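The chain contents come next:
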Amino acid sequence: RGRIDDWRAFLDVGLDDEDRDAIRQGLLQVYSMQNQASRAAEDRGAIRAAIQAAALRSPIDGLVTDVNVTKGFDAPAGAAIVVASTQLTVTTDVVESDLADIEVGQTAAVTIDALGTTVEGTVTAVSPVAGDSQSGVVAYPVTVTLGDAPPDARAGMSADVAITVASAAGVVTVPATALQGTK
């Protein structure tokens, strides 16, 4: 800034009013540019500090098993970060005729085929959009979150899901084969 004042004093000698006005306008532009540069440097510092303070936090506990993100490149179309979690979910397809009976919060029995064990779960999501139809049958993905999964359970294992849509207590059950009757 001191150099600009030196030039202004040097240029003031022998100038008419029009020249002085032009010089003042030029100096105002220079001061404005200096202020903008100073603000930009401050903003850049603040942005750098914010980036360094930023943290990516997972909504679940687990062990990161794969990172498919590379600095400077766009995020991948698939999973960017894969986490082996102790909280497991099963996604099953429910046909459209049964979908009206399914609600978030219902209990489900999940049988993990490879372990030969059944674990209790809860319906945590019902997709509003149909999945891929198979044999012309429209089905909707339903997510069941397992309660206490066995330690041997792994993501990707096959499972059968039975969602409880109704239950009654204190009733007598009769096998269907014991029923007789006429039309």
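Residues numbered from 1 in each chain as written. Predicted model: local features only at pLDDT ≥ 70, side-chain atom pairs only at ≥ 80, totals over all residues. Heavy atoms only, no water.

Caption draft 1: Up close: the overall build of the chain. The helix and strand tally for the chain stands at 3 helices and 7 strands. Taken over C-alpha atoms, the radius of gyration comes to 35 Å for the chain, far larger than the 16 Å a tight globule of 183 residues would show. Taken over the C-alpha atoms alone, the chain extends approximately 120 × 40 × 35 Å along its principal axes. Residue burial in the chain is summarised as follows: out of 183 residues, 14% are buried. Residue pairs at least 24 apart in sequence account for 56% of intrachain contacts in the chain once pairs closer than 6 positions are excluded. If you sum the accessible surface of the chain, you get close to 14,300 Å²; carbon and sulfur atoms cover 53% of it. Taking the average place of the 12 positive charges on the side chains of the chain and the average place of its 24 negative ones, the gap between the two points comes to 16 Å. (Helix = DSSP H or I, 4+ residues; strand = E, 2+ residues; numbered from the N terminus. Rg over C-alpha atoms; globule rule 2.2 N^0.38 Å. Buried < 20%, exposed > 50% of the residue type's maximum accessible area, 1.4 Å probe, protein only. Contact = heavy atoms within 4.5 Å. Areas by Shrake-Rupley, 256 points an atom, 1.4 Å probe, with all protein chains shown as cover. Lys, Arg positive; Asp, Glu negative; His and termini not counted. Charge placed at Lys NZ, Arg CZ, Asp CG, Glu CD.)

Caption draft 2: Expanded view of the pairing of strand 1 (residues 62-67). With respect to burial, strand 1 is a largely exposed element, only 0 of its 6 residues being buried. The pairing of strand 1 with strand 2 (residues 81-85) spans 5 bridges and is classified as antiparallel. Paired with leucine 63 across the strands is alanine 84, a residue of strand 2. (Pairing = 2+ DSSP bridges.)

Caption draft 3: Examining the sheet that holds strand 4 (residues 107-112) more closely. Judged by pairing direction, the sheet is antiparallel, and its 5 strands sit side by side in the order 3-6-5-4-7 without closing on themselves. Both outer strands of the open sheet, strand 3 (89-95) and strand 7 (159-163), are each paired with one neighbouring strand and no more. The mean angle between the axes of side-by-side strands here comes to 40 degrees, regardless of whether they run parallel or antiparallel. Two elements, strand 4 and strand 7, share 5 bridges in a ladder whose sense is antiparallel. When the sheet's bridge partners are listed, threonine 111 is paired in strand 7 with aspartate 160. (Axes fitted to C-alpha atoms, helices over the stretch in contact; angles between N-to-C directions.)

Caption draft 4: Spotlight on the pattern of salt bridges. On inspection of all chains with the given rule, the structure shows 1 salt bridge. The shortest N-O distance in the salt bridge between aspartate 21 and arginine 24 comes to 3.0 Å. Highlighted residues: aspartate 21 and arginine 24, both in helix 2 (residues 17-53), separated by 3 residues, approximately one helical turn. Judged by relative accessible area, which is 43%, aspartate 21 ranks as partly exposed. Judged by relative accessible area, arginine 24 falls into the partly exposed class, the value being 47%. (Salt bridge = Lys/Arg side-chain N within 4 Å of Asp/Glu carboxyl O.)

Caption draft 5: Spotlight on a nonpolar patch on the surface. A cluster of nonpolar residues, Val64, Val67, Val69 and Ile81, forms a patch on the protein surface that exposes about 320 Å² of accessible area. Here valine 69 is to be found in the loop between strand 1 and strand 2. Among the residues examined, valine 69 registers a relative accessible area of 42% and is labelled partly exposed. (Patch = residues over 30% accessible without salt bridge, like charges linked within 9 Å, V, L, I, M, F, W, Y side chains within 5 Å.)

Caption draft 6: Quick look at the pairing of strand 5 (residues 117-126). Relative to strand 5, strand 4 runs antiparallel, the two sharing 6 bridges. Within strand 5, the residue paired with threonine 111 across the bridge is threonine 118. Remark: 4 residues form the turn of the hairpin made by strand 4 and strand 5, two consecutive strands paired antiparallel; glycine 116 in that turn has positive phi of roughly 65 degrees. Here 5 bridges tie strand 5 to strand 6 (residues 139-146), and the two strands are oriented antiparallel to one another.

Caption draft 7: Spatial organisation of the environment of isoleucine 163. Summarising the element assignment, isoleucine 163 is placed in strand 7. Counting along the chain gives 52 residues from isoleucine 163 to threonine 111, while the straight-line C-alpha distance between them is 11 Å. Residues in contact with isoleucine 163, not counting those within four places in the same chain, are Val94, Ile102, Gln106, Thr107, Ala108, Val123 and Val142.

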